[in-house]
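Given next are the chains, with one letter for each unit.
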There are 2 protein chains.
Amino acid sequence: MKEMGIGLLGFGTVGAGVVEGLQRNGGLIERRTGLRLVLKRIADLDVDRDRGVAVDRSLLTTDAMSVIDDPEVGIIVELIGGVDVAREFILKSLERGKAVVTANKALLAEHGKELYRAADAAGVDLYYEASVGGGIPIIRALREGLVANRIQSLYGILNGTCNYILTRMEQEGLPFDRVLEEAQEAGYAEAEPGLDIDGLDTAHKAVVLAALAYGQSFDMADVSVEGIREVESIDIGFAGDLGYRIKLLAILKESEGQIEIRIHPTLVPRAHLLASVGGVFNAIMVHGDVAGDTLYHGRGAGREATASAVLGDIVDVARNIARGSPARVPAFVHDDQHGSLRRVEDVRSRYYLRLSLKDEPGMLAKVADILGRHRISIASVFQKEERTGEYVPVIILTHRAVEGNFRDAIKEIDALKEVGAPTVRYRIEDFD
Amino acid sequence: MKEMGIGLLGFGTVGAGVVEGLQRNGGLIERRTGLRLVLKRIADLDVDRDRGVAVDRSLLTTDAMSVIDDPEVGIIVELIGGVDVAREFILKSLERGKAVVTANKALLAEHGKELYRAADAAGVDLYYEASVGGGIPIIRALREGLVANRIQSLYGILNGTCNYILTRMEQEGLPFDRVLEEAQEAGYAEAEPGLDIDGLDTAHKAVVLAALAYGQSFDMADVSVEGIREVESIDIGFAGDLGYRIKLLAILKESEGQIEIRIHPTLVPRAHLLASVGGVFNAIMVHGDVAGDTLYHGRGAGREATASAVLGDIVDVARNIARGSPARVPAFVHDDQHGSLRRVEDVRSRYYLRLSLKDEPGMLAKVADILGRHRISIASVFQKEERTGEYVPVIILTHRAVEGNFRDAIKEIDALKEVGAPTVRYRIEDFD
């Protein structure tokens, strides 16, 4: 039985899950792989707190470098989170020829290029299944199972907190603030929720997936990100009446030699599987040019689900060490054949618009005229009963048009004196 | 650039898809993997038929052994189907130290043990992603992504033909025979549909998955299989009224030291994701003890989807050859820690029963008494308006009870002189 020494950096929620998973299923893993995974050292700033899992105190240290330098440790598992310290530790580990497993999407999204390069230079593995989709083996699916596919599109519900909030807003007709507060109390949202609800966490994951799909390191600053903070119950309701649910989607597309990466609340047809993804669950639908659509669904976060992904990576890396095939599947492969990022102004999409209009004759004609002049064609119009003072909400679903034209048209509409409040807009995704 | 010689056995639908995929995305695969996959030879009994894909005639031969013996061929792709000839060719290939990729579930289900052993003895790869779930990378997910998980249950919609028929029966209220006929005309069902509609194909796939999940070669003869031939529109309708859809499920479970493998039409709650899997699609939901539920969805068959899985396997195998790490992930690992197969008589389940009863006072009491004596407790009863002569359908949903008791109880019920037709029964799955 070959023994693999593991060093854990970060003994938080996921770290404790990994330790527990090893304790519970280490025997199973041994029988399945012929490898004995041995936890040699654990580094954390706090070595006293009870994590609900029994570990020999002698394994614990506050000195991460002593773990990285331990000659018995061949695999470093980075679960510290954050960017600066984690980056430092991973680079040091790679330099010393140690394989690294990480769940750190923020780090990969912001410094992936540097880390992938360092892994490549050292000829060791850098695995990161747990960085996207928790327990869902989506990284493996993308870079191995679907390796023969050009990824024409990918749609992801990648943030459990956002999906939980949107699901509860819909089911209970509650406003965003109220649901967020309850989610925080229930532990489904952080005290500082911005990373989740403003779409940044989703964007980090989208950039990690895009690097795999398109062989490029995309800059976070170039990615169009809208979160769910502004989503109102009224639009969830109207969307529902029209057969849609609002989901925060990460969308990757390749078409006409350009790549789109965007994160925004999106109207998804209720009959589509992604619309059925409720609560804290994540799902990713990938359209490959050979496989067609495949969809992956599971818990996107949490101690155990994420630990499952980390352990899967540890096994993979350990297999490579045992068989002398490190970097068998590179962390990243550059590919310049996929074109550049499409400017968000040039993205084409269908739109849901909610206008707040004075209930006067001729109003709709004015709006239709503005849209028409910006080459936006109307698919359907619904005037709603709900009235706010002298204004009524009017819902317009459009045909596909260019983002930049919408911005201009909406600016013009909102400048009309008969408009009561800024126009609300959501993109509609029909998955065609 | 390392070159990998591929020999294709069987130039049918999937074979043509593989050739087309290689032609279309060979460059992409090269850029992603650094490997050039070169199709060296194709064996088929028919070398003249047009498959809609251009190949150099010199590649074609009717002599499969010449492909297997070709020194330039390192990877044999078996897409002949059937059991005897395919088995022979795969064994010969493995003996000669060639890696094998196959999509042949029937062969693996019936002779897997022998083939896995031969691959192990030769120290080469035997990959079979395409044998289950078409383009869905479920084999990879099970044996790599979820390697740290005890598989507590797995539910699969594994046969597109059956799912297509059941979906259309429900949507259009049509009888089985009529939909089967139309499916045959549309090419969604074979002229000899038994393998699909009698559940055998699903059972083959279930046995392949069970071998991975539980480290045992289960005998097809020991697996409980019911197909969809007897499914009637009336039950699809009644199930719908009660909030269920009827799906042909493969169910694997491990509990109390025993394993269940069974295939049968099942009532699935309509709110469950598996109930939303329509038409020819496949889906597999896996419950791992660490990852929780993960679900995989995609096209379960067809030229392109299956080709995607075959190509993914070819790449994996080629990576192992290039890196000198063949059999890095063994085709099968024996594990005797999972207990034996539970006898189907001992399986516990909830049931939907449709009885055909004379509309007389006291009938229900008689039936309830019989069920009670067999320790089957009733959850709810619905008497339906539809009348067949003097008989009315009565639907009983039961609490969980043992299969053997149901058989005995139904035998007793059907012997009552007030019963008009044999009792129809379906198992209900609540996924708890």
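Residues numbered from 1 in each chain as written. Chains lettered and ligands numbered in written order. Predicted model: local features only at pLDDT ≥ 70, side-chain atom pairs only at ≥ 80, totals over all residues. Heavy atoms only, no water.

(A) Local environment of the domain arrangement of chain A. One can read the domain layout of chain A as domain 1 (2–134 + 303–323), domain 2 (138–298) and domain 3 (346–428). Of note, the centres of domain 1 of chain A and domain 3 of chain A, computed from C-alpha atoms alone, are 51 Å apart. (Domains from an automatic or database assignment.)

(B) Fine view of the pairing of strand S10 (residues 258–269) of chain B. Residue and element names in this part refer to chain B. Of all 12 residues in S10, 10 are buried; the element is thus mostly enclosed. The sheet contact formed by strand S8 (residues 224–225) and S10 spans two bridges and is parallel. Note on S10: the bridge partner recorded for Ser224 is Arg262. Examined bridge by bridge, strand S9 (residues 244–255) and S10 share 12 bridges and lie antiparallel to one another. Bridged to Tyr244 within S10 is Pro269. Where S10 meets strand S13 (residues 340–341), two bridges bridge the pair, whose relative direction is parallel. Bridging from a neighbouring strand, Ile259 pairs with Leu341 of S13. Relative to strand S18 (residues 424–428), S10 runs parallel, the two sharing two bridges. Pairing of Leu267 across the sheet is with Ile428, part of S18. (Buried < 20%, exposed > 50% of the residue type's maximum accessible area, 1.4 Å probe, protein only. Helix = DSSP H or I, 4+ residues; strand = E, 2+ residues; numbered from the N terminus. Pairing = 2+ DSSP bridges.)

(C) Fine view of the packing of helix H6 (residues 160–172) of chain B against helix H7 (residues 176–186) of chain B. Residues and elements named next belong to chain B. Contact geometry of H6 with H7 gives a least axis separation of 9 Å together with a crossing angle of 125 degrees. Comparing their axes, H7 and H6 come out oblique. Both H6 and H7 take part in a crossing whose hand is right-handed. Between H6 and H7, the residues in contact are Tyr164, Ile165, Arg168 and Met169 and Phe176, Val179, Leu180, Glu182 and Ala183, respectively. (Axes fitted to C-alpha atoms, helices over the stretch in contact; angles between N-to-C directions. Parallel < 35°, antiparallel > 145°, perpendicular 65-115°, else oblique. Left-handed = near helix turned anticlockwise from the far one by under 90°. Contact = heavy atoms within 4.5 Å.)

(D) Structural context of the environment of Leu200 of chain A. Tracing the backbone shows Leu200 of chain A in helix H9 (residues 200–214). A sequence separation of 25 residues divides Leu200 of chain A from Val225 of chain A, and the C-alpha atoms of the two residues are 7.1 Å apart.

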